[in-house]
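# Secondary and tertiary structure notes
As a plain string of letters, each chain reads:
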Amino acid sequence: MRKFPKILQILLKDNVISDNQVWAPTLVSEKLLGLVHTEDYLSKFINGKTDEKEQKRTGFLWSQGIVQRCRYEVGGTLLAAELALNRGLACSTAGGTHHAFPSYGSGFCLLNDLAVAARSLIAGSGKKKVLIVDLDVHQGDGTAYIFKNEPNVFTFSAHSGKNFPLRKENSDLDISIEDGVEDKEYHSIVQTHIPWLLDTFRPDLVLYDAGVDPHWDDELGRLRLTDQGLYHRDLYVIKMAIGRGIPIATVIGGGYSRDIDKLALRHSIVHRAATKVWNEYGL
Ligand SMILES: [Zn+2]
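In this report, we go over the structure that sits alongside the text. Just so it is clear, the model here is predicted, and its values are computed rather than measured.

## Remarks on the packing of helix H9 (residues 227–243) against helix H11 (residues 269–280)
A pair of packed helices is captured by two measures, namely the crossing angle of their axes and the spacing between those axes. Look at H9 against H11: their axes get within 8 Å of each other, and the N-to-C directions meet at 40°. Here H9 lies oblique to H11, going by the angle between them. For the crossing formed where H9 meets H11, the hand is right-handed. Contact residues: H9 offers Asp227, Leu230, Tyr231, Asp234, Leu235, Ile238, Lys239 and Ile242, while H11 offers Ile269, Val270, Arg272, Ala273, Ala274, Lys276, Val277 and Glu280.

This is how it looks when you write it as structure tokens:
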């Protein structure tokens, strides 16, 4: 939890962004959450009625604070999606809660921000198609499940095959990566798939989960990417979209370390890559 405010502090301190580039989200409404989550689950989660077993599965004890935080987090992904549609590119300093299912939370994810943003975009803006690029080291199982019968949302997940969740869902495209893969091999996987996905699916928006848990030093990852490897990955994905005139919104996804300063810095890699593209393309 402590990593979230630190990411923004680092971005401002290192002049990756300036104050006037920072937008604050609003609390997402229950109505928008209802585009993805069941009424029963929302009422239980929002009012603190989930039982001990359900809370254990999420990794969080229920509190009023966690409800607020999660609702702002979904609001942040929605805001990033809207800004990206208007300006080409926008990045949240949170988001990527891809293990949340319609009727329950799981793996540190209580509300599925990517799914709510994709559904709300399709429902509200006349935009038709969303590509979810999920490069967090864990499979985006909740998102895959939610959109399994929805042709307007394409889910792509490249993840460590042996990692959580044990039982995988079917994304539209799943790439299972072996333990210990390093920058070069990982990058070739990303390069193999991103261009054809963009060219054949032609999304109106890309939602990019730039989880940093494929990093070699991550406590829950099983891959061996370096800081440079993550930077090149993020730069590549963002450039591929922007170069084709396709708006892209990024979320930070997972990242696990006891050293919060180091972790927050690692999460800021995607924003650094985005700033480079922003300047390069004169957005
Ligand atoms: Zn993860």
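## Brief notes about the coordination of the zinc ion
Protein coordination at the zinc ion comes from Asp136 (OD), Asp136 (OD), His138 (ND1) and Asp213 (OD), with a distance range of 1.9 to 2.7 Å. One can describe the donor arrangement at the zinc ion as irregular, given that its 4 donor atoms subtend angles of 53 to 157° at the metal. Sequence spacing of the donor residues for the zinc ion, all on one chain, is D-x1-H-x74-D. Of this pair, His138 sits in the loop between strand S2 (130–134) and helix H7 (141–146) while Asp213 is found in the loop between strand S5 (205–209) and H9, placing the two residues 75 residues apart along the sequence. Residue His138 is classed as buried on the basis of its relative accessible area of 5%. Residue classification places Asp213 among the buried residues on the basis of a relative accessible area of 0%.

## Details of the packing of aromatic side chains
Enumeration over the complete set of coordinates arrives at 6 aromatic pairs. Both rings, one in Phe108 and one in Tyr256, keep their centres 5.8 Å apart while their planes meet at 35°; by these two values the pair is tilted. Linking Phe108 in the loop between strand S1 (89–91) and helix H6 (113–124) with Tyr256 in the loop between strand S6 (248–251) and helix H10 (260–267), this pair joins segments that are 148 residues apart in sequence. You can call Tyr256 partly exposed: its relative accessible area is 22%. Geometry around Phe4 places Arg69 over its ring, the cationic atom sitting 4.6 Å from the centre. Of note, Lys129 hangs over the ring of Phe201, and the distance from its end group to the ring centre comes to 5.0 Å.

Procedures and definitions
- Residues numbered from 1 in each chain as written.
- Predicted model: local features only at pLDDT ≥ 70, side-chain atom pairs only at ≥ 80, totals over all residues.
- Heavy atoms only, no water.
- Axes fitted to C-alpha atoms, helices over the stretch in contact; angles between N-to-C directions.
- Helix = DSSP H or I, 4+ residues; strand = E, 2+ residues; numbered from the N terminus.
- Parallel < 35°, antiparallel > 145°, perpendicular 65-115°, else oblique.
- Left-handed = near helix turned anticlockwise from the far one by under 90°.
- Contact = heavy atoms within 4.5 Å.
- Donors = N, O, S within 2.8 Å, 3.2 Å for Na, K, Ca; no water.
- Tetrahedral: all angles 85-135°; square planar, octahedral: opposite > 155°, others 65-115°.
- Buried < 20%, exposed > 50% of the residue type's maximum accessible area, 1.4 Å probe, protein only.
- Phe/Tyr/Trp six-rings, centres within 6.5 Å; stacked < 30°, edge-to-face > 60°.
- Lys NZ or Arg CZ within 6 Å of the ring centre and 35° of its normal.

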